[in-house]
Amino acid sequence: QVQLVESGGGLVQAGGSLRLSCEASGRAFSSYAMGWLRQAPGKERELVAAITSGGSTNYADSVQGRFAISRDNAKNTVYLQMNSLKPEDTAVYYCKAKTARAYEYWGQGTQVTVSS
């Protein structure tokens, strides 16, 4: 069982920045693929950014160039640096881990609200 704890959400004005963190339990974090997804009211959950165990990244078109995902295996933590935030980035952001055996785990979510 992997537990994920997100932090760093909050209220920010458009154009501002936030950094989300997600700390994972266990000793196999470096082998996990990690991702950030978000869900806005009335919308489906969507992938925002992902990073493989080897450090390769991919992003949704809507956040490319504004968001950056990174990981610190020594701290069992994945980050999402969000810059130039827009009101449409408002959502609950979830951290997801996928283990080497393809088991998936989710965090509880953290609210990000961007005011115009």
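What you see is a predicted model, and the numbers here were worked out from it, not measured in a lab.

1. So, the overall build of the chain
At step 1: Secondary structure assignment for the chain yields 0 helices and 11 strands.
At step 2: N-terminal to C-terminal, the α/β element order of the chain is β-β-β-β-β-β-β-β-β-β-β.
At step 3: Seen through its principal axes, the chain has C-alpha atoms that stretch 40 × 25 × 20 Å.
At step 4: Put simply, the chain has 116 residues, and 44% of those count as buried.
At step 5: Roughly 6,200 Å² of accessible area belongs to the chain as shown, and the carbon and sulfur atoms make up 45% of that amount.
At step 6: Looking at charge distribution, the chain has the averaged site of its 12 positive side-chain charges lying 5 Å from that of its 9 negative ones.

2. Let's talk about unusual backbone geometry
At step 1: Within the chain, asparagine 76 stands out as a residue other than glycine whose phi angle is a positive 55 degrees.
At step 2: When you line up the elements, asparagine 76 lands in the loop between β7 (67-72) and β8 (77-82).
At step 3: Since its relative accessible area comes to 15%, asparagine 76 is described here as buried.
At step 4: The phi dihedral of serine 84 falls on the positive side, at around 50 degrees, and the residue is not glycine.

3. Here we look at the pattern of salt bridges
At step 1: One pass over the structure, following the stated rule, counts 4 salt bridges.
At step 2: Residue aspartate 89 is joined to arginine 66 by a salt bridge in which the shortest nitrogen-to-oxygen separation is 2.8 Å. You can see aspartate 89 sitting in the loop between β8 and β9 (91-98) and its partner arginine 66 sitting in the loop between β6 (57-59) and β7, a full 23 residues away along the chain. Taken individually, aspartate 89 and arginine 66 each receive the classification buried, so the pair is uniform in this respect.
At step 3: The closest approach of N and O atoms between glutamate 104 and lysine 96, which form a salt bridge, is 3.3 Å.
At step 4: Among the charged side chains, a network of salt bridges with common partners joins Arg38, Glu46, Arg66 and Asp89.

4. Some words on the packing of aromatic side chains
Describing an aromatic ring pair means giving the distance of the ring centres and the angle of the ring planes.
At step 1: Counting across every chain of the model gives 2 aromatic pairs.
At step 2: With a centroid separation of 6.2 Å and 75 degrees between ring planes, the pair formed by phenylalanine 29 and tyrosine 32 is classed as edge-to-face. No difference in accessibility class separates phenylalanine 29 from tyrosine 32, as the two residues are buried.
At step 3: Considering the side-chain rings of tyrosine 94 and tryptophan 106, the 6.4 Å spacing of their centres and the 80 degrees angle between planes classify their relative orientation as edge-to-face.

5. Quick look at the environment of aspartate 89
At step 1: We classify aspartate 89 as buried; its relative accessible area is 0%.
At step 2: The spacing of aspartate 89 and glycine 10 is 79 residues in sequence and 12 Å in space, taken between C-alpha atoms.
At step 3: When near neighbours in sequence (up to four residues on either side) are disregarded, aspartate 89 contacts Arg38, Arg66, Phe67, Ser84, Val112 and Val114.
At step 4: From its side chain, aspartate 89 meets the backbone nitrogen of lysine 86 in a polar contact 2.8 Å long.

About the criteria used
- Residues numbered from 1 in each chain as written.
- Predicted model: local features only at pLDDT ≥ 70, side-chain atom pairs only at ≥ 80, totals over all residues.
- Heavy atoms only, no water.
- Helix = DSSP H or I, 4+ residues; strand = E, 2+ residues; numbered from the N terminus.
- Buried < 20%, exposed > 50% of the residue type's maximum accessible area, 1.4 Å probe, protein only.
- Areas by Shrake-Rupley, 256 points an atom, 1.4 Å probe, with all protein chains shown as cover.
- Lys, Arg positive; Asp, Glu negative; His and termini not counted.
- Charge placed at Lys NZ, Arg CZ, Asp CG, Glu CD.
- Salt bridge = Lys/Arg side-chain N within 4 Å of Asp/Glu carboxyl O.
- Phe/Tyr/Trp six-rings, centres within 6.5 Å; stacked < 30°, edge-to-face > 60°.
- Contact = heavy atoms within 4.5 Å.
- Polar contact = N/O pair within 3.5 Å; in protein donor to acceptor, adjacent residues only side chain to side chain.

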